[in-house]
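The lines below spell out each chain.
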Amino acid sequence: AGDLVIYQHGPTDFTNEVEALRIDSSGRVGIGTSSPDTSYLFEVSGAIPAIMTSTSTATSPTYGGLAVQRKTNTNGNGTGISFLLEDAGNVATEYGYIGGIIESNTAGSEDGGLLFATTLNNARTERLRIDSAGTIISSKASGIFFKNSSGGTSATQIQVSNTGGDIRVGVESSSGGAIQVGTS
């Protein structure tokens, strides 16, 4: 089977056609390119990045936006968005990932989590997960780290609060790296 190609042309000029969309014989889709790369299922070529715009006027936060679906209902399975760039050999490589995961697939009371991963030694490595209860779970055995990258001399702090009060733990760089633990 051949490729399906859609051309764009002016309203009266059929001689200067420009290829607008191609679905090749392997099912890859390209917009603005006559040869979608084998690394991608969907490829947009050009200087302007692909932009998805939701024009929904619904007031509920559950309407509009981008939906990524994987046909599965097994606990522990998930789907997400990979962030690909080329490595030094010009090979498309995943450098980051954000995904959703099934925690419980019970109809009517489904639970899901959100995970964040980076790439380490060419392997996806989960770094942080927010479970369905809102608990933040770090994959680092030594805990969750927050870093003050502002370059200033202010303290880097972790603050945990509830209606009964709060606790803060931090390092004050302007005091020579003194460790501070307290409630204010």
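Everything below is about the structure shown above.
Residues numbered from 1 in each chain as written. Predicted model: local features only at pLDDT ≥ 70, side-chain atom pairs only at ≥ 80, totals over all residues. Heavy atoms only, no water.

Chemist: Mind showing me how you'd approach unusual backbone geometry here?
Modeler: Leave glycine aside and you will find that most residues have negative phi; peptide bonds, for their part, are mostly trans. Positive phi values are uncommon outside glycine, yet Asn121 reaches one of about 55°. Mapped onto the secondary structure, Asn121 falls in the loop between β7 (111–120) and β8 (123–130). Residues other than glycine seldom take positive phi values, yet Asn122 does so here, at roughly 65°. Using a relative accessible area of 66% as the deciding quantity, one classes Asn122 as exposed. (Helix = DSSP H or I, 4+ residues; strand = E, 2+ residues; numbered from the N terminus. Buried < 20%, exposed > 50% of the residue type's maximum accessible area, 1.4 Å probe, protein only.)

Chemist: Is there a simple way to explain the pattern of salt bridges in this structure?
Modeler: Opposite charge on two side chains permits them to pair, given that their charged atoms come into close proximity. Tallying each qualifying case throughout the model produces four salt bridges. Among the ionic pairs, Arg22 bridges to Glu19, the shortest N-O distance being 2.8 Å. The exposure classification of Arg22 matches that of Glu19, with both residues buried. Of the charged contacts in the structure, one is a salt bridge between Glu126 and Arg129, with a shortest N-O distance of 2.8 Å. Of the residues examined, Glu126 reaches a relative accessible area of 27% and is grouped as partly exposed. What you see here is one network of salt bridges that share partners, running through Asp3, Glu19 and Arg22. (Salt bridge = Lys/Arg side-chain N within 4 Å of Asp/Glu carboxyl O.)

Chemist: Even after reading the chapter, I still don't get the sheet that holds β8, so can you show me in this structure?
Modeler: The strands that make up a sheet are held in pairs by hydrogen bonds between backbone atoms, and each pair lies either parallel or antiparallel. Across the sheet, which stays open at both edges, the five strands sit in the order β5-β6-β7-β8-β9 with antiparallel pairing between neighbours. Looking at strand neighbours, the two that pair on one side only are β5 (78–86) and β9 (136–138), the edges of this open sheet. Averaged over all pairs of adjacent strands, the angle between their axes in this sheet comes to 25°, without regard to strand direction. Bridge analysis of β5 against strand β6 (residues 92–104) gives nine bridges, and the strand direction is antiparallel. For Leu85, the partnering residue across the bridge sits in β6 and is Thr93. (Pairing = 2+ DSSP bridges. Axes fitted to C-alpha atoms, helices over the stretch in contact; angles between N-to-C directions.)

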